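What the coordinates show
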Amino acid sequence: MSARIIDGKAFAEGLRARIAAAVPEFAAAAGRVPGLAVVLVGDDAASQIYVRNKGKQTIEAGMHSVEIRLPANATQAEVEAVVASLNVDPAIDGILVQLPLPKHLNEAPVINAIDPDKDVDGLHPVSAGRLVAGLPGLVPCTPMGCMLLLRDVLGDVGGAEALVIGRSRLVGKPIAALLTNANATVTLAHSRTHELSAHVHRADIVVAAVGVPELVRGAWIKHGATVIDVGMNRIDVGGGKTRLVGDVAFAEAVTIAGAITPVPGGVGPMTIACLLRNTLVAAHARAG
Ligand code: GUN
């Protein structure tokens, strides 16, 4: 038996189309389109590609896109001043500061300077608090993408045994909170967890977000489980070539799982689609 392959690329395209279709309705009522500002400090190559894609997809959705680039030697005060000016800019509904910031900068005060109502990355402590408290708020994009895929595959996740591997602030912790809010029975595993394989074997839902190539073996997985692989690891395959692999050994897992996200083409494309969704949600909330 082979698992259903969860096509995140197709799901994300559909989501972006639905968002684009909702923008004119917002614009007709508010007299403006939703606006997203992305702040990029320095010239990290991967970050530049992410930011370019975010801008492109924002415009394709019919939204206002602002890209603010600061030099690699920008000061803490300069970055925070940019955030402060975006906070009071009426045309901007969402602010995303691309991470990581250059080493000399302190990320926490920059994130904390973002108006929580414009925190489309869901990284502000107020956003994290709202999520854990089950209050309306902006949810981090990759975790939201995982939940949308899970709901599409499973419908209700209530009562399911869910294992989240990885406790990062950006992915693992918010996914654990979202699954908890959706009434799953959640275990949060991490680098100090004993007998990870036994935890995986119990789980109806496995979300792997640790950044360790092919950590989760197929034989660990319960028959028919749903596997969401957030890992994006580039590994050397010899001859100067590299390959992108997830945190799950896909070729093994696909023979045992009920459904599984591929890497690439699974969770990855959902992130920007959810960023646009958050921008529209923030715009509606700000417009009252
Ligand atoms: N860098 C890599 N992923 C992300 C993300 O989701 N948000 C931000 N701000 N920076 C990132």
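From a predicted model like this one, the values you see are computed outputs, not experimental measurements.

1. Here's the deal with the sheet that holds strand 2 (residues 35-41)
Pairing is parallel across the open sheet formed by three strands, whose spatial order is 3-2-4. Only two strands of the sheet have a single partner each, and these edge strands are strand 3 (64-70) and strand 4 (94-97). Between one strand and the next, the sheet's axes are offset by a mean angle of 15 degrees, whatever the strand orientation. Taken together, the four bridges between strand 2 and strand 4 define a ladder with parallel strand orientation. When the bridges of strand 4 are listed, Ala37 appears paired with Ile95.

2. Let's talk about the UniProt feature "binding site: NADP(+)" (unreviewed entry) in the chain
Residues given the UniProt feature "binding site: NADP(+)" (unreviewed entry) here are Gly166, Arg167 and Ser168. Its location among the elements puts Arg167 in the loop between strand 5 (161-165) and helix 7 (172-181). Overall, Arg167 belongs to the partly exposed group, with 18 C-beta atoms counted inside 10 Å. Beyond its immediate chain neighbours, meaning those up to four positions away, Arg167 contacts Gly172, Lys173, Leu188 and His190. Checked against the element boundaries, Ser168 lands in the loop between strand 5 and helix 7. Taking the number of C-beta atoms within 10 Å as the measure of exposure, Ser168 has 16 and is therefore partly exposed. Not counting residues up to four positions away in its chain, the partners in contact with Ser168 are Lys173 and Ala209.

3. A few points about the UniProt feature "domain: Tetrahydrofolate dehydrogenase/cyclohydrolase catalytic" (unreviewed entry) in the chain
Here the UniProt feature "domain: Tetrahydrofolate dehydrogenase/cyclohydrolase catalytic" (unreviewed entry) sits at residues 6-121. Counted over residues 6-121, helix gives 49% and strand 16%. Its end C-alpha atoms are 24 Å apart.

4. Digging into the packing of helix 1 (residues 8-30) against helix 10 (residues 268-287)
At a minimum axis distance of 9 Å, the contact between helix 1 and helix 10 shows a crossing angle of 20 degrees. Relative to helix 10, helix 1 is oriented roughly parallel. The way helix 1 lies across helix 10 gives a crossing that is left-handed. Contact residues: Gly8, Lys9, Phe11, Ala12, Leu15, Arg16, Ile19, Ala22, Phe26 and Ala30 in helix 1; Gly268, Pro269, Met270, Ala273, Leu276, Arg277, Leu280, Ala283, His284 and Ala287 in helix 10. When grouped by side-chain class, the residues that make up the contact of helix 1 with helix 10 number 14 nonpolar, three polar and three charged.

5. Remarks on helix 6 (residues 141-154)
The first and last C-alpha atoms of helix 6 sit 20 Å apart over 14 residues, in line with the 20 Å expected at 1.5 Å per residue. Those residues of helix 6 lying buried are Cys141, Thr142, Pro143, Met144, Gly145, Cys146, Met147, Leu149 and Leu150. Buried-residue contacts for helix 6 involve helix 1, helix 7, strand 7 (205-208), strand 8 (226-229) and helix 10. After helix 6 finishes, the residue Gly155 shows a positive phi value of roughly 70 degrees.

Criteria and cut-off values
Residues numbered from 1 in each chain as written. Predicted model: local features only at pLDDT ≥ 70, side-chain atom pairs only at ≥ 80, totals over all residues. Pairing = 2+ DSSP bridges. Helix = DSSP H or I, 4+ residues; strand = E, 2+ residues; numbered from the N terminus. Axes fitted to C-alpha atoms, helices over the stretch in contact; angles between N-to-C directions. UniProt positions renumbered as here; feature names shortened; annotations may be inferred. Buried ≥ 20, exposed ≤ 12 C-beta atoms within 10 Å, placed from the backbone. Contact = placed C-beta atoms within 7 Å. Parallel < 35°, antiparallel > 145°, perpendicular 65-115°, else oblique. Left-handed = near helix turned anticlockwise from the far one by under 90°. Nonpolar A, V, L, I, M, F, W, Y, C, P; charged D, E, K, R; others polar. Expected span 1.5 Å × (residues − 1).

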